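Residues per chain, in single letters:
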Amino acid sequence: MNILDKIIIDKKREVILKKSIIPVSQLEESALFGRKTISLSANLKNSNSGIIAEHKRRSPSKAEINYSFTVEEVVKGYEDAGACGISVLTDGKYFGGSLDDLLLARASVNIPLLRKEFIVDEYQIIEAKAHGADLILLIAAVLTREEIKTLSKFAKSLGLEVLLEVHNSAELEKSIMPSLDMIGVNNRNLKTFEVSLDFSKQLAHKIPNDFVKVSESGISSIEAINELKPYGYKGFLIGENFMKTANAGEAAKEFINLL
């Protein structure tokens, strides 16, 4: 069993447990549930940099990235740097994140927030809305076409945008549907953790222009972004590259200024 399979098994158990403790009605009463969301896709279309900066403490492939920042410091730094949006990891067991991180981020900045999570149930989308997210991530590798359709339509009904993540042609072909806003190509194979920008390049022409194209993972240089822009990519998700420095916000600012 690979790491992705383990994460999904744990995630399904986690959702069952959470549903038994916090009912949907309680989440819907959250002060943030009725909040008007901010569009990341619009920000990316109108940006020269297209940077989506990520708050990420650790990952299965790299035990610890950085625990020395507060969420507020990181996200404010990213907003000041001119990021188009911020991705907030909310998985606890494998990434050291939480929904509290999303809540703190929402209280600190006024740019789009992505709930970066392994979403397998509509309940998690309600959680995302209740904690101040503007968009959700759906991962094609762990969902069927029908699940992508149901979950993306549900997210749209709550006013959330949808970023669909793919890694190969088969995942892309099963996933294309009108209820998506952005299609992201993960340059990291979630099963082996191998990273290559070639994944983004190879899939670019297969992504219809109706969707904003986003390249994710393994982007650590200005050269990489300049390499990907001619392929039609408008968004570039960068986490580890900023988080591993002594000041994530400053690192993002320097990077974006160079762009």
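This text goes with the structure placed above it.
Residues numbered from 1 in each chain as written. Predicted model: local features only at pLDDT ≥ 70, side-chain atom pairs only at ≥ 80, totals over all residues. Heavy atoms only, no water.

A. Up close: helix α6 (residues 122-130). Extensive coverage of α6 is indicated by the burial of eight of its nine residues. Listed as buried for α6 are Tyr123, Gln124, Ile125, Ile126, Glu127, Ala128, Lys129 and Ala130. Close packing links the buried residues of α6 with α1 (3-21), α2 (24-28), α5 (99-108), β3 (113-116), β4 (135-139) and α7 (145-157). Two or three places before Tyr123, at the start of α6, stands the capping residue Asp121, its side-chain oxygen 2.8 Å from that residue's backbone nitrogen. Once α6 finishes, Gly132 follows within two positions and takes phi at roughly 95 degrees, a positive value. (Buried < 20%, exposed > 50% of the residue type's maximum accessible area, 1.4 Å probe, protein only. Helix = DSSP H or I, 4+ residues; strand = E, 2+ residues; numbered from the N terminus. Contact = heavy atoms within 4.5 Å. Polar contact = N/O pair within 3.5 Å; in protein donor to acceptor, adjacent residues only side chain to side chain.)

B. Spotlight on helix α4 (residues 71-81). Along α4, the residues classified as buried are Val71, Val74, Val75, Gly77, Tyr78 and Ala81. Considered in projection along α4, the buried side chains sweep an arc of 155 degrees and stay on one side of the axis. Residue Gly82 follows α4 closely and has a positive phi angle near 100 degrees. (Arc of directions from axis to C-beta.)

C. Quick look at a nonpolar patch on the surface. Residues Leu17, Ile21 and Ile22 make up a contiguous nonpolar surface patch of roughly 280 Å² in combined accessible area. In this structure, Ile22 sits in the loop between α1 and α2. We classify Ile22 as partly exposed; its relative accessible area is 32%. (Patch = residues over 30% accessible without salt bridge, like charges linked within 9 Å, V, L, I, M, F, W, Y side chains within 5 Å. Areas by Shrake-Rupley, 256 points an atom, 1.4 Å probe, with all protein chains shown as cover. Salt bridge = Lys/Arg side-chain N within 4 Å of Asp/Glu carboxyl O.)

D. Examining the pairing of β4 more closely. Of all five residues that make up β4, five are buried, and the element is covered over most of its length. Burial along β4 is two-sided: the residues Leu135, Leu137 and Ile139 and Ile136 and Leu138 are all buried. Relative to β4, β3 is paired through two bridges, and the arrangement is parallel. Its bridge partner lying in β4, Arg115 is registered against Ile136. One crossover worth recording links β3 to the parallel β4 by way of α6, and it is right-handed. Pairing analysis gives five bridges linking β4 to strand β5 (residues 161-166), with the strands arranged parallel. Its bridge partner being in β5, Ile136 is matched across the sheet by Val162. What joins β4 to β5 is α7, and the crossover it makes is right-handed. (Pairing = 2+ DSSP bridges. Right-handed = clockwise from strand over helix to strand, strands pointing away.)

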